[in-house]
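Fold and geometry: a report
Given next are the chains, with one letter for each unit.
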Amino acid sequence: MDKMVIVGGERLAGDVRISGAKNAALPIMASALLVDGWNAFHNIPDLADIRTIKRLLRSLGVEMEGEETLQVNAGRITNCEASYDLVRTMRASILVLGPLVARMGEARVSLPGGCAIGARPVNLHIKALQELGAEVTLKDGYVEAKASRLKGASIYFDISTVTGTENIMMAATLAEGTTVLNNAAREPEIANLAEVLTGMGARISGAGTDTIVIEGVESLHPVEAAVIPDRIEAGTFLIAAGITGGDVRIVGCNPLHLEALIAKLRDAGMRIDVADDSIRAAGGGTLKSVDVKTLPYPGFPTDLQAQIMALMAVSDGLSIITETVFENRFMHVGEMIRMGADIVIQGKSAVVRGVPKLRGAPVMATDLRASASLILAGLAAEGTTVLSRVYHIDRGYQRIEKKLSALGADIRRVAG
Ligand code: EPZ
């Protein structure tokens, strides 16, 4: 397994271009299942998770060509089953459930199972699909769903669920009648998906708010569309600028998707200048500790919690970081403590007392965003950090070591 070797102490400087959003590309690629014909999706990132969903879609009979611009044709779906060995490597595979039931009238999708950050059930996806009239049974670890034609309904999500909202929004596009999603998630990736579906002929209003209305249509047609920039990758690089005291311009991003993080970094003392599709972030000097509480969008993103904890580990003062979305998303804390961080977990919160310097050490990645936080910590640490299980980071960051090296970081990938 590859390792990442980071020698800390370099200040980052220069421009870095942001790739397409993983969490927008995945549902958009799944939406091709709703349509007979060739779609073209631009700005698809080159990530392990994208390769995984391509394998899954191919196993269903979907034809695909291209990389960054991806042509996808689900004209001949030959199989409606998403197998456990594919789904267990990427939970977002559950996103084929809604489109398959809507288009084919049936689907058999493996339950994703838990992951490092939590149990992550899909009960809300299943409940909503039943409310759309699907007959759903759970058997041998699979969700089996059937419906001659889904029927529009008014649905209330107990919890704001991103892929739950996406799954049901896709299913509802071909339902008979109108569906209302109440307490829908408001992440920008949902608005991006809604834009793609509308381009296919779906009738959707309210995406990006907590109430989405979908008027079912008989069929959809192919579309050409683009994936939005990855706000979590952009946020990770903003924090990299802060933790190294550097001066970095994040290019090809959407600053409106990063307002919660920008506010926090300004409170911490970073200089952040925002333009239409770029952000300039300058660190410099010791930053002040700030408190952070993760919340569904537009609150502070849980996917940037580990990364800002690395920054708080070397800031001046005490920071209380509260994780309200997932029940076990502090796996990076133990590894940061091995690098000299002073962090105590108290229930859903981590109390982070800033230290002057972290020390490089061998550390282990446990999940995608924890890996990113350990790379950030390594950039600021004295000495060398060796990060193992780097496959976690490759799921969600396109050649992160190349982008960081281009900014002046001393980081290299070592085949393990
Ligand atoms: C999406 O996961 C993202 N993944 C996650 O990003 C992100 O952390 C998460 O949203 C929260 O923003 C993709 O978009 C592919 P949820 P998702 O359903 O949809 C509970 C990354 O690093 N819940 O919004 O799976 C759930 O357990 C990944 O890129 C239920 O209880 O998250 C969690 O506590 C990690 N039942 C909360 O809701 C359900 O049926 C929010 O989860 C569904 C969710």
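Being a predicted model, the structure only gives us computed values, none of them experimental. The residue numbering used here restarts from 1 in each chain and proceeds along that chain's sequence as written. Residue-level local features of this predicted model are given only where pLDDT is at least 70; pairs of side-chain atoms are given and counted only at 80 or more, and the full residue set underlies all totals for whole chains, interfaces and linings. Hydrogens and water molecules were not included; the side-chain quantities draw on all heavy atoms of the structure.

**A look at the packing of aromatic side chains**
When the centres of two rings from Phe, Tyr and Trp lie within 6.5 Å, Trp using its six-membered ring, the rings pair. Their planes under 30 degrees apart give stacked, over 60 give edge-to-face, and anything left gives tilted. Counted under the stated rule, the structure contains zero aromatic pairs. Either the NZ atom of lysine or the CZ atom of arginine qualifies as a charge over a ring when it sits within 6 Å of the ring centre and within 35 degrees of the ring normal. When the ring centre of Tyr 142 is taken as origin, the NZ or CZ atom of Arg 108, which lies over that ring, is 3.9 Å away.

**Examining the sheet that holds strand 19 (residues 318–322)**
What holds strands together in a sheet is hydrogen bonding between their backbones, with the strands either parallel or antiparallel. With mixed pairing, the four strands of this open sheet are ordered in space as 18-19-21-20. Every other strand in the sheet has two partners, leaving strand 18 (292–293) and strand 20 (342–346) as the edge strands with one partner each. At least two DSSP bridges between two strands are needed for those strands to be called paired. Under the DSSP-based scheme used, a helix requires at least four consecutive residues in state H or I and a strand at least two consecutive residues in state E, with every element numbered from the N terminus. Bridge count between strand 18 and strand 19: two bridges; the pairing is parallel. Among the inter-strand pairings, Val 292 is bridged to a residue of strand 19, identified as Ile 321.

**Topic: helix 6 (residues 162–172)**
Here helix 6 lies mainly inside the structure; nine of its 11 residues are buried. Only protein chains enter the calculation, and the probe is 1.4 Å; a residue is then buried if its accessible area is under 20% of its type maximum, exposed if over 50%, and partly exposed in between. Listed in full, the buried residues belonging to helix 6 are Gly 164, Thr 165, Glu 166, Asn 167, Ile 168, Met 169, Met 170, Ala 171 and Ala 172.

**Comments concerning the domain arrangement of the protein**
Many analyses report the size of an interface as the accessible area lost when the parts associate. In this entry, domain limits derive from an automatic or database-based domain assignment. When the domains of the protein are assigned, the result is domain 1 (3–19 + 229–414) and domain 2 (22–226). If you average the C-alpha positions of domain 1 and of domain 2, the two centres end up 31 Å apart. Counting residues at the interface gives 24 residues for domain 1 and 20 residues for domain 2. When two parts are brought into contact, each loses some accessible area as probed by a 1.4 Å sphere; the total of that loss over both is the buried area. Across the interface of domain 1 and domain 2, roughly 1,800 Å² is buried in total on both sides, 51% from carbon and sulfur atoms. Definition used for salt bridges: Asp or Glu carboxyl oxygen within 4 Å of a side-chain nitrogen of Lys or Arg. Our count for the contact surface shared by domain 1 and domain 2 stands at three salt bridges. The partner of Asp 49 in a salt bridge is Arg 395, with the nearest N and O atoms 2.8 Å apart. Throughout this description, a polar contact denotes any pair of N or O atoms lying within 3.5 Å of each other; where both atoms belong to protein, one of them has to be capable of donating a hydrogen while the other can accept it, and for residues adjacent in sequence the pair is counted only when both atoms sit in side chains. Scanning the region where domain 1 abuts domain 2 turns up eight residue pairs in polar contact (both at pLDDT 80 or more). Under the scheme applied, nonpolar residues are Ala, Val, Leu, Ile, Met, Phe, Trp, Tyr, Cys and Pro; charged residues are Asp, Glu, Lys and Arg; polar residues are all the others, including Gly. Its residues placed into classes, the side of domain 1 that touches domain 2 shows eight nonpolar, six polar and 10 charged. Any two residues whose heavy atoms approach within 4.5 Å are treated as being in contact.

**Some points on the pattern of salt bridges**
Opposite charge on two side chains lets them pair, provided their charged atoms get close. The tally for this structure, following the rule as stated, stands at 20 salt bridges. The salt bridge partner of Arg 108 is Glu 144, with a shortest N-O separation of 2.9 Å. With Arg 108 in strand 7 (residues 106–110) and Glu 144 in strand 9 (residues 142–146), this pair connects stretches of sequence that are 36 residues apart. The exposure class assigned to Arg 108 is partly exposed, which follows from its relative accessible area of 22%. One salt bridge in this structure joins Arg 280 and Asp 247, with 2.6 Å as the shortest N-O distance. Highlighted residues: Arg 280 in strand 17 (residues 278–282) and Asp 247 in strand 15 (residues 247–251), separated in sequence by 33 residues.

**Digging into the nonpolar core**
For this analysis, a nonpolar core means a set of buried residues of the types Ala, Val, Leu, Ile, Met, Phe, Trp, Tyr and Cys, connected via side-chain atoms within 4.5 Å. In this structure, Phe 41 and Met 169 are the most contacted members of the largest nonpolar core, which totals 81 residues. In terms of residues, this core owes the most to one element, helix 1 (residues 22–31), which gives six residues. With residues up to four places along the chain from it excluded, the contact list for Met 169 reads Leu 181, Ile 190, Leu 193, Ala 194, Leu 197, Ile 204, Ile 212 and Ile 214. Of all hydrophobic cores here, the second largest spans 69 residues; its members include Ile 272, Leu 311, Leu 368 and Ala 381.

**Digging into the site of the ligand**
By convention in these notes, a residue is near a molecule or strand provided one of its non-hydrogen atoms lies within 4 Å of it. Around the ligand lies a shell of 21 residues, among which Asn 123, Thr 161, Thr 163, Asp 303 and Val 325 are the nearest. A distance of 2.9 Å separates an oxygen atom of the ligand from a polar atom in the side chain of Lys 22. In the environment of the ligand, an oxygen atom lies 2.6 Å from a nitrogen or oxygen atom belonging to the side chain of Thr 163. Accessible surface is estimated by sampling points in the Shrake-Rupley manner with a 1.4 Å probe; for residues, cover comes only from the protein chains shown. Burial of the ligand by the surrounding chains reaches 88%, relative to a free accessible area of 830 Å². Looking at the shell around the ligand, the elements that each hand over two or more residues are helix 1, helix 5 (123–131), helix 6 and helix 12 (368–380). Per element, the largest residue contribution to the shell around the ligand is three residues, and it comes from helix 5. Taken domain by domain, the shell around the ligand gets at least three of its residues from each of domain 1 (3–19 + 229–414) and domain 2 (22–226).

**Concerning the packing of helix 1 against helix 7 (residues 188–199)**
Helix axes are fitted only over the stretch in contact, all axes being lines through C-alpha atoms; the angle between N-to-C directions runs from 0 to 180 degrees. Following both chains from N to C, one finds helix 1 and helix 7 inclined at 25°, their axes separated by 9 Å at the closest point. In terms of orientation, helix 1 lies roughly parallel with respect to helix 7. Regarding helix 1 and helix 7, the two cross each other, and that crossing is right-handed. Here Asn 23, Ala 24, Pro 27, Ile 28 and Ser 31 of helix 1 come into contact with helix 7, specifically with Glu 189, Asn 192, Leu 193, Val 196 and Leu 197. Class assignment of the residues belonging to the contact of helix 1 with helix 7 gives a composition of six nonpolar, three polar and one charged. An angle counts as roughly parallel when it lies under 35 degrees, as roughly antiparallel when it exceeds 145, as roughly perpendicular when it falls between 65 and 115, and as oblique in every other case. For a crossing to be left-handed, the near helix must be turned anticlockwise from the far one by less than a right angle; the clockwise case is right-handed.

**A short note on the side chain of Asn 167**
Take Asn 167: it is sitting in helix 6. A relative accessible area of 1% places Asn 167 in the buried class. Every residue in contact with Asn 167, bar those within four places of it in the chain, is listed here: Ile 94, Leu 95, Leu 97, Gly 98, Pro 99 and His 125.

**Observations concerning helix 5**
Of the residues making up helix 5, those classed as buried are Leu 124, His 125, Ile 126, Ala 128 and Leu 129. Along its buried surface, helix 5 packs onto helix 4 (97–104), strand 8 (135–139), strand 9, strand 10 (154–156) and helix 6. Gly 133, located one to two residues past helix 5, shows a positive phi value of around 100°.

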